[in-house]
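Chains, contacts and geometry: an overview
Each chain, written out:
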Amino acid sequence: MSEKNLLYEITHCPHARKCLEDPSTENPCRDIVNSQKSLDLDKFQIPEPWSGQIEQAPILFLSSNPSIGSDEVYPTWCWSDNDINNYFNYRFGGGQKDWIINGKQSLMKDGTYSRAVKFWAAVRKRAIELLQRDVNPGIDYALTEIVHCKSHSEIGVEQAQDQCVKAYLLRTLELSRAKVIVVLGAPARQAIQSQFNISSTASISESIKIGDYERFFAFLPHPNARRYRSFLRCLQDDELESLRASLR
């Protein structure tokens, strides 16, 4: 499947659409879709497939689901396919607009930029730690999630996870060319360890072929966790070196 086709399928997810168009239908995605409190397709913030040039970036960060902000410029169902494609693939730079600046500040509806988003700032630090140099967000690393609909505080993630993972996870990872996939937080860890039969105690995986490429998974706490979150603190020296070596 091409990048454009998969992006379109996720952003126009039929499960989300069913929940919006038929409030009576039973669906595991009901809670996360309803968390936006909008049944209008033209106002609903569409599922987020990934952010950055996923077919190029050597590092992919994988977390639970994207957080939502009502005041940021973000695609809804009424955006054109070209605009949606441009937004997600060039969100960190090179797009029609500066959707995000400095890798961590989002364009707002009033034309200003948000304060630094802690999650984006944290993943940039982790990418610098791996590559041991300054990085270009969206090119050196991209971001995706196991559940693509947006919500506050992971609302609805537990209910939607199995359905979303089954529909999209493997195909998204196959599309990515990342050599290192950094898994952030417990929901994403559980999904990946189950999908690829990785020990729950592992800090990194063995090399696993997904699609046409060999990958390593590395597991870290979510950036919001109140404990050590860096590679240096969470991995053994030889584990960190093996990840760095795979990126050279």
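What comes next concerns the included structure.

Cut-offs used in this document
- Residues numbered from 1 in each chain as written.
- Predicted model: local features only at pLDDT ≥ 70, side-chain atom pairs only at ≥ 80, totals over all residues.
- Heavy atoms only, no water.
- Salt bridge = Lys/Arg side-chain N within 4 Å of Asp/Glu carboxyl O.
- Helix = DSSP H or I, 4+ residues; strand = E, 2+ residues; numbered from the N terminus.
- Buried < 20%, exposed > 50% of the residue type's maximum accessible area, 1.4 Å probe, protein only.
- Phe/Tyr/Trp six-rings, centres within 6.5 Å; stacked < 30°, edge-to-face > 60°.
- Lys NZ or Arg CZ within 6 Å of the ring centre and 35° of its normal.
- 1 Å grid on protein atoms, 1.4 Å probe; cavity = no way out; pocket = protein on both sides within 12 Å on 5 of 7 lines; lining within 4 Å.
- Points joined across faces, edges and corners; volume = space filled by probe spheres on them.
- Nonpolar A, V, L, I, M, F, W, Y, C, P; charged D, E, K, R; others polar.
- Pairing = 2+ DSSP bridges.

Observations regarding the pattern of salt bridges
- Using the criterion set out here, one finds 10 salt bridges in the structure.
- Salt-bridge contacts for R17 lead to E21; the nearest nitrogen and oxygen are separated by 2.8 Å. One end of the pair is R17 and the other is E21, both in helix 2 (residues 14–21) and 4 residues apart, which spans about a single turn.
- You can call R17 partly exposed: its relative accessible area is 33%.
- For E241, the salt bridge goes to R248, with nearest N and O atoms at 2.8 Å.
- Each member of the salt-bridge network shares a partner with another, and the members are E48, E72, R91 and K150.

Brief notes about the packing of aromatic side chains
- Here the structure, examined in full by the defined rule, presents 12 aromatic pairs.
- With 5.1 Å between their ring centres and 40 degrees between their planes, F196 and F217 make a pair best called tilted. Taken together, the positions of F196 in the loop between helix 7 (186–195) and strand 6 (208–210) and F217 in strand 7 (residues 213–220) put the pair 21 residues apart, joining distant regions of the chain.
- Just above the ring of Y74 sits the side chain of K150; from NZ or CZ to the centre is 4.1 Å.
- One Lys or Arg, R233, reaches over the ring of Y228 and ends 4.3 Å from the middle of that ring.

Here we look at empty space enclosed by the protein
- Using the criterion set out here, one finds 2 cavities of 30 Å³ or more in the structure.
- Approximately 80 Å³ is the volume found for the largest cavity.
- The wall of the largest cavity is formed by 13 residues, among which C13, C29, H148, C149 and C164 lie closest to the centre.
- Breaking the lining of the largest cavity down by element, the ones donating at least two residues are helix 2 and helix 6 (157–175).
- For the lining of the largest cavity, the element with the highest residue contribution is helix 6, accounting for 3 residues.
- Considering only residue class, the lining of the largest cavity consists of 11 nonpolar, 2 polar and no charged.
- Quantified by volume, the second largest cavity comes out at close to 40 Å³.
- Lining the second largest cavity are A122, R126, L184, L220, P221, P223 and R229.
- When the residues that make up the lining of the second largest cavity are grouped by side-chain class, the tally is 5 nonpolar, no polar and 2 charged.

A short note on unusual backbone geometry
- One non-glycine residue, E154, adopts positive backbone phi at about 60 degrees.
- Here N197, not a glycine, exhibits a phi torsion of approximately 55 degrees, which is positive.
- In this fold, N197 is placed in the loop between helix 7 and strand 6.

Remarks on the layout of surface pockets
- When its volume is computed, the largest pocket comes out at roughly 680 Å³.
- P66, S67, I68, V117 and F119 are, among the 29 residues lining the largest pocket, the residues nearest its centre.
- It is helix 5 (residues 118–131) that contributes the most residues to the lining of the largest pocket, 3 residues altogether.
- Looking at the lining of the largest pocket residue by residue, the class counts come to 8 nonpolar, 13 polar and 8 charged.
- Estimates place the volume of the second largest pocket at around 280 Å³.
- In terms of lining, the second largest pocket is formed by 15 residues, of which the most central are K43, Q45, G69, S70 and K109.

What to know about the pairing of strand 5 (residues 180–184)
- Extensive coverage of strand 5 is indicated by the burial of 5 of its 5 residues.
- Here strand 5 shows two buried faces, one formed by V180, V182 and L184 and the other by I181 and V183.
- Of the strand pairs in this sheet, strand 1 (residues 59–63) and strand 5 are connected by 4 bridges, and their pairing is parallel. Counted as the bridge partner of L60 is I181 from strand 5.

It is worth stressing that arrangement in space is one thing and function is another; only the former is reported here.
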